[in-house]
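Residues per chain are reported as follows:
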Number of protein chains: 2
Amino acid sequence: MSRYDEYFLMKPADVIGYAKEKLNVFDADADLDCKEIGDGNLNFVFRVWDRKSSKSVIIKQAGPTARISDAFVLSTDRNRIESEVLALEGRLAPGLVPAMYGYDSVMSCCAMEDLSDHQIMRAALMQHKKFPLFADHITTFMVNTLLLTTDVVVEHKQKKALVGQYINPELCEITEDLVYTEPFNDYKGRNDVFPPNLEWVKRELYGDKELRLEAARLKFEFMTNAQALLHGDLHTGSIFIKADSTKVIDPEFAFYGPIGYDVGNVVANLIFAWANAEATIANEAERAEYTAWLETTIVQVIDLFRAKFVKAWDEHATEVFAREESFRDWYLATVLRDTAAVTGLELCRRIVGLAHVKDITTIADEAARLRAERLCLTAAKEYIKQRDGFRTGADFVRPFKGAAERFAR
Amino acid sequence: MSRYDEYFLMKPADVIGYAKEKLNVFDADADLDCKEIGDGNLNFVFRVWDRKSSKSVIIKQAGPTARISDAFVLSTDRNRIESEVLALEGRLAPGLVPAMYGYDSVMSCCAMEDLSDHQIMRAALMQHKKFPLFADHITTFMVNTLLLTTDVVVEHKQKKALVGQYINPELCEITEDLVYTEPFNDYKGRNDVFPPNLEWVKRELYGDKELRLEAARLKFEFMTNAQALLHGDLHTGSIFIKADSTKVIDPEFAFYGPIGYDVGNVVANLIFAWANAEATIANEAERAEYTAWLETTIVQVIDLFRAKFVKAWDEHATEVFAREESFRDWYLATVLRDTAAVTGLELCRRIVGLAHVKDITTIADEAARLRAERLCLTAAKEYIKQRDGFRTGADFVRPFKGAAERFAR
């Protein structure tokens, strides 16, 4: 019998005992220390390290409710999904996720590589750091984890088994509400709008009937289109980064959904970094240089994604109709259309919904923050309503860039 | 211990013993007889009756391979799906499916109401019988089993559980191949084309690049769009009918897919009856009268479906966006678009694919059969390629009627 044979929420001292008893990571005479380092909304994240050696490990445990609020009762099955998906993503996109050391279905925790030498990308972008390899890394991650889990590549019966394995009702419900519904009607009354922007939001979002229809259509596509195994939460807070390395973490929202959901999240969160830079870099030349890097990165994310997608399709497709070039081009066009729509949805929900991003909320000057929000929301409406017209990287920067040029500082 | 505690394929004598031991249907002193009456492609169907009373029952058992060919290895799980779906459909659409008496997971068989006083609808239509209540019955069945299992009505987490419960890889693979792929490229070399039609089919189907693209798009929608719990094989051979009663049977192909798949199957198989009547009723007035009834029935199937769909939506929708009338109208338009496409796919696959329909194959005169096939296939291409334009019942009869008027007898 072990005290870890029955589930309980661990404290750092428990995690040290757990690491000694259950993991084959540390030496027998290791002198372990542990700290809770999680800053996400759902789970507890512990770093365990040996004072005698350089060895360390991350242990992530799911509680029976969300960390931010006991009102979100969530199955600890999310930890199984996260563990299995990280292992699968590690096979499909080697080196682009943390290495997995184990998953414990009793304690609903998993052990993985410690990435303390990396930085959360959102924080790095707010420090206006550049990562020239990011577009290359993230597009490899997306093409490999997304296209290679579709019916284009995976034998169809096996793909249906994967769909069943990753049905994720509770986490999908969060997205359905927070991303696809509440930003457009505040039907649960829990939106959190920056007060100076409230009237504008009521008129331009809640009051836009056409926008609500598009949100409804997109919500149903999100709920019904079992296209690829998504990460499901691929914002810059789910990416650890350093100059030569990009690691995607936290795939607990994973399920079979539309590819554009992941790609659009990456684009939208680069736009938040851009809006932050617009608002917070006082020196004009520095600001121009950093926003130019962000613009180039967005263009590269789309254009590298397209090129790698076509290449991987031609190399790996097994579906007989995939040999029809017109089908491949149509399929990719629908992915880019969905990407544009999700770019707009994510821009909206992070500004008016329950879960904000620091890129925007840390803008101290009220007028500058208001401008940043309006830039994002104005562009967002164009990404959603005009989504059929997005084909190239240049197309994807145009709405935000255009808004930034039109809106006086 | 019972000999029915371990799976084996039953013969009629075994089924009598099974009915005595396992079912609470017959009296203790019943004098049972049994006959295998199945004429489908997959399963064994036994009728058991008591010579002393009027009581009878149907017992349906799934074998480890398809009945038509040991090459189709199929999980006997299809019998669970059929049993559970019949029970669910019986709750959603009372009186429109046979009553269920039980499901046996060991023997992979189920017991249900004997419908020997009904007739298989395809055979009845080939005898040129009319069923004035059919359009009303089948539209109630479709609206209740389809709309009421979508995200429009079902709580979204519960709907995802249903999606998982009815993942049906092997039966879906049959449809993906036979309906969505082989009619357009014969990639498995098992199409079965009426020889005088072979060159025409090669040119007009296999050689039509635009048609192949549309088939590919539709195939991926079939594989990924988890919209509603479909029957999955709703042709006139899956419907028992008499003047005042319609009973839908055989939902073993059930899974979460696009609503139009079921509706389009009904329309296409009414068109086969129409093509049969065109070819086999010599008397012009009789032919005109019967084809007019079929035409009216198709118009009613679409128009009653639309009206009941809107009514059921307004009564039962729980999704918050469902209050947007423009969303409801858009959603219904996509269902009718998918219905048109599947009408065309089913018309193609039953004429050129592996599994034909007797409506066509029993047309003895070669020229008349050739004309019937060309009418169906010419209309089929219009249903598929022009699918965005189908809104009303009148729209749905136009392609076949137009072809019948243009093609000389």
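Since we're looking at a predicted model, the values are computed, not measured.

**A short note on the interface of chain A and chain B**
Here is step 1 of the chain: Listed as interface residues are 40 residues of chain A and, on the opposing side, 39 residues of chain B.
Here is step 2 of the chain: Between chain A and chain B, roughly 3,600 Å² of surface is buried when both sides are summed, and carbon and sulfur atoms account for 68% of that area.
Here is step 3 of the chain: Counting the surface chain A buries against chain B, the share from its top three residues, K160, F220 and F321 of chain A, is 20%.
Here is step 4 of the chain: At the junction of chain A with chain B, the criterion picks out eight salt bridges.
Here is step 5 of the chain: Salt-bridge contacts for R212 of chain B lead to E324 of chain A; the nearest nitrogen and oxygen are separated by 2.5 Å.
Here is step 6 of the chain: The element contributing the most residues to the side of chain A that touches chain B is helix α9 (residues 209-224) of chain A, with nine residues.
Here is step 7 of the chain: Residue composition of the side of chain A that touches chain B, by class: 19 nonpolar, eight polar and 13 charged.

**Here we look at the sheet that holds strand β3 (residues 56-61) of chain B**
The pairing of strands in a sheet happens through backbone hydrogen bonds and is either parallel or antiparallel.
Residues and elements named next belong to chain B.
Here is step 1 of the chain: Strand order in the open sheet formed by five strands is β1-β2-β3-β5-β4, with antiparallel pairing between adjacent strands. In this open sheet, the two strands that pair with only one neighbour each are β1 (32-36) and β4 (100-104). Each strand axis lies, on average, 20 degrees off the axis of its neighbour in the sheet, ignoring direction.
Here is step 2 of the chain: In this structure, β1 lies alongside strand β2 (residues 44-50), joined through five bridges in antiparallel fashion. Residue pairing across strands places K35 opposite R47, the latter belonging to β2.
Here is step 3 of the chain: Of the strands in this sheet, β1, β2, β3, β4 and β5 (109-112) are in contact with helix α1 (residues 12-22), which crosses β1 at around 130 degrees.

**Things to note about helix α15 (residues 393-406) of chain A**
The α-helix advances 3.6 residues per turn, and as a result positions three or four apart in sequence lie on the same side.
Residues and elements named next belong to chain A.
Here is step 1 of the chain: For α15, which comprises 14 residues, the first-to-last C-alpha distance of 21 Å matches the rise-based estimate of 20 Å (1.5 Å per residue) to within 8%.
Here is step 2 of the chain: At P399, α15 shows its maximal kink, close to 35 degrees.
Here is step 3 of the chain: Buried residues of α15: G393, D395, F396, V397, P399, F400, G402, A403 and A404, and no others.
Here is step 4 of the chain: Among the structural elements, α10 (260-280), α11 (284-316), α12 (325-352) and α14 (366-385) are those in contact with the buried residues of α15.

Reading guide: rules and limits
Residues numbered from 1 in each chain as written. Chains lettered and ligands numbered in written order. Predicted model: local features only at pLDDT ≥ 70, side-chain atom pairs only at ≥ 80, totals over all residues. Heavy atoms only, no water. Contact = heavy atoms within 4.5 Å. Buried area = accessible area lost by both parts, 1.4 Å probe. Salt bridge = Lys/Arg side-chain N within 4 Å of Asp/Glu carboxyl O. Helix = DSSP H or I, 4+ residues; strand = E, 2+ residues; numbered from the N terminus. Nonpolar A, V, L, I, M, F, W, Y, C, P; charged D, E, K, R; others polar. Pairing = 2+ DSSP bridges. Axes fitted to C-alpha atoms, helices over the stretch in contact; angles between N-to-C directions. Expected span 1.5 Å × (residues − 1). Bend = angle between axes of the 7 residues up to and from the residue. Buried < 20%, exposed > 50% of the residue type's maximum accessible area, 1.4 Å probe, protein only.

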